[in-house]
Amino acid sequence: MTSSEATTSFYPIGTPGKPWGPEERALWRSRQRRQRSHRDDVVAAVDRLRGHFDVQTYGEVESGDGRLPLLAVRSRGWGSDLPVVLVTGGVHGYETSGVHGALQFLAQDAAAFSDRVNLLVVPCVSPWAYERVQRWNHDAVDPNRSFREPSPAPESAALMRLVAPFKGQFIAHIDLHETTDSDESEFRPAKAARDGETFEPGTIPDGFYLVDDTENPQPGFQQAIIDEVSRVTHIAPADAAGGIIGSPLVAPGVIRYPLRELGLCASITGARYTTTTEVYPDSPRATPSQCNLAQTTAVRAAISFALASRGG
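Within each chain, residues carry numbers counting from 1 in the order of the written sequence. The predicted origin of the model limits local features to residues at a pLDDT of at least 70 and limits the giving and counting of side-chain atom pairs to 80 or more, whereas totals for whole chains, interfaces and linings rest on all residues. Each side-chain value is worked out from all heavy atoms of the structure, with water and hydrogens disregarded.

**Some thoughts on helix α6 (residues 154-163)**
Step number 1: Each residue is placed in one exposure class: buried if its accessible area under a 1.4 Å probe, protein chains only, is under 20% of its type's maximum, exposed if it is over 50%, and partly exposed if it falls in between. The secondary structure listing takes helices from DSSP runs of H or I that are at least 4 residues long and strands from runs of E that are at least 2 residues long, numbered from the N terminus. Most of α6 sits inside the fold, with 8 of its 10 residues counted as buried.
Step number 2: The set of residues buried in α6 consists of E155, S156, A157, A158, L159, M160, L162 and V163.
Step number 3: Note on contacts: a residue pair is in contact if any heavy atoms of the two residues lie within 4.5 Å. Packing partners of the buried residues in α6 comprise β1 (53-62), β2 (67-75), β3 (84-89), β4 (118-122) and β5 (170-178).

Next up, the structure:
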């Protein structure tokens, strides 16, 4: 990309080559519009589950015109002798099937595991971003690069506090995400502008894939999820460079990241079995219901594998 091309295509906030300061972040925030309701979509759905689960408000975050609750759904009759599984959705609020897939799992599938695991499900980690169909939080910070101490994202800090008492008890953590066409058209250009970098165009993988942990690879676990999800939606093939979003494939539909080093959500439990799902909702071959089903299928497969591995 030439300098003139970089200037022409630069994100319309800030100065090329200069990271954003408070004024640019405030301008970015002022351009975000509320497009859907966390109360109607998430709080109401969680309320319908109260007859079967315990619900915990583990924090609040800024909404721009008030505060939004951070909600966790827990197994009723939490057993001290049972292992714990964490399911998270909406770390990036715009990734819709992560939120609704977590809620669908609770409503339709969680009962099948009720006597074998303690479930801790956080359907929407980042409610301000959910309402604005955004990747970042209120302060233009990515929660999924903020799971470290001290965290710059209140959403991430609150979730880490929530899981801290159960460290050593987790057997699995499934973090539900999407990769969308807007990653390339909006969110990566915005990140480059925010950080004072040049945007380098990439490609969006066509299909479902998983992110394993470089420091704790679990190929059998990832493959078990891929096998089940392939019955629901298509698995992303390698791109022309032989990888997905800049990372080499280690197996069909699987790449690896150093989760803890990058401050990613899937690093927070210390569980043996962790994965980050990536659904592709913009594919002409996938419907919203398929995307939600892919998420619930991944959760079921992950829990089943983790239990089988310990004889549960």
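**What to know about the nonpolar core**
Step number 1: With 46 residues, the main nonpolar core has V85, I174 and I303 as its most contacted residues.
Step number 2: In terms of residue count, helix α10 (residues 288-309) provides more of this core than any other element does, 9 residues in total.
Step number 3: Think of a nonpolar core as a cluster: buried Ala, Val, Leu, Ile, Met, Phe, Trp, Tyr and Cys residues, connected wherever their side-chain atoms sit within 4.5 Å. Listed in part, the 33 residues of the second largest apolar core include V122, W128, F147 and V163.

**Considering the pairing of β3**
Step number 1: Within β3, 6 of the 6 residues are buried, leaving the element largely enclosed by the surrounding structure.
Step number 2: Alternating residues of β3 divide into V84, L86 and T88 and V85, V87 and G89, and every residue in both groups is buried.
Step number 3: The criterion for strand pairing is that DSSP finds at least two bridges linking the strands in question. Taken together, the 5 bridges between β3 and β4 define a ladder with parallel strand orientation. Note that in β4 the partner of V85 across the bridge is L119.
Step number 4: For crossovers, right-handed means that the path from the first strand over the helix to the second runs clockwise, given strands pointing away from the viewer. Between the parallel elements β3 and β4, the chain passes through helix α4 (residues 96-108) in a crossover that is right-handed.
Step number 5: In this structure, β3 lies alongside β5, joined through 6 bridges in parallel fashion. Note that in β5 the partner of L86 across the bridge is H173.

**Focus: the sheet that holds β3**
Step number 1: A sheet is described by the order of its strands in space; here 8 strands give the open sequence β1-β2-β4-β3-β5-β10-β6-β9, paired in mixed fashion. Only two strands of the sheet have a single neighbouring strand rather than two, namely β1 and β9 (254-257). Each strand axis lies, on average, 20 degrees off the axis of its neighbour in the sheet, ignoring direction.
Step number 2: Of the pairings in the sheet, the one linking β2 to β4 comprises 2 bridges and is antiparallel in character. For V73, the partnering residue across the bridge sits in β4 and is V121.
Step number 3: Orientation is described by lines fitted to C-alpha atoms, with helices fitted over the stretch in contact, and by angles between N-to-C directions that extend from 0 to 180 degrees. α6 rests against β1, β2, β3, β4 and β5 of the sheet, and its axis sits at about 150 degrees to β1.

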